[in-house]
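# Geometric and topological summary
Each chain, written out:
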Amino acid sequence: MDTVWLLVSIVGFAVLLAVFFFGGFVLLDFIWGRNRSG
């Protein structure tokens, strides 16, 4: 059971990290796009 929780926490952390990175890139692209157009 401990192994399952460890795996879930690692996968969850990796997903969270990916979401943060992806969200950051989308936000940057959105800001840059707005700055370029206007």
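Residues numbered from 1 in each chain as written. Predicted model: local features only at pLDDT ≥ 70, side-chain atom pairs only at ≥ 80, totals over all residues. Heavy atoms only, no water.

What follows is about the overall build of the protein chain. When helices and strands are tallied, the protein chain shows one helix and zero strands. Seen through its principal axes, the protein chain has C-alpha atoms that stretch 55 × 5 × 5 Å. For the protein chain, with 38 residues in total, the buried portion stands at 0%. Just so you have it, the protein chain exposes about 3,800 Å², and 79% of that area is on carbon and sulfur atoms. (Helix = DSSP H or I, 4+ residues; strand = E, 2+ residues; numbered from the N terminus. Buried < 20%, exposed > 50% of the residue type's maximum accessible area, 1.4 Å probe, protein only. Areas by Shrake-Rupley, 256 points an atom, 1.4 Å probe, with all protein chains shown as cover.)

Take the environment of Arg36 next. Within the secondary structure, Arg36 is located in helix H1 (residues 2-37). For Arg36, a relative accessible area of 64% gives the class exposed. As for Arg36 and Ser9, which are separated by 27 residues in sequence, their C-alpha atoms are 40 Å apart.

Moving on: a nonpolar patch on the surface. Together, Phe13, Leu17, Phe21, Phe25, Leu28 and Trp32 line one region of the surface with nonpolar side chains, adding up to about 720 Å² of accessible area. Take Phe25: its relative accessible area is 60%, and that puts it in the exposed class. (Patch = residues over 30% accessible without salt bridge, like charges linked within 9 Å, V, L, I, M, F, W, Y side chains within 5 Å. Salt bridge = Lys/Arg side-chain N within 4 Å of Asp/Glu carboxyl O.)

Sites flagged by UniProt as "transmembrane region" (unreviewed entry) map to residues 6-32. Segment residues 6-32 splits into 100% helix and 0% strand. End C-alpha atoms: 39 Å apart. (UniProt positions renumbered as here; feature names shortened; annotations may be inferred.)

Tracing the chain through its elements places Val19 in helix H1. Linking Val19 and Val8, residues eleven residues apart in sequence, is a C-alpha distance of 16 Å.

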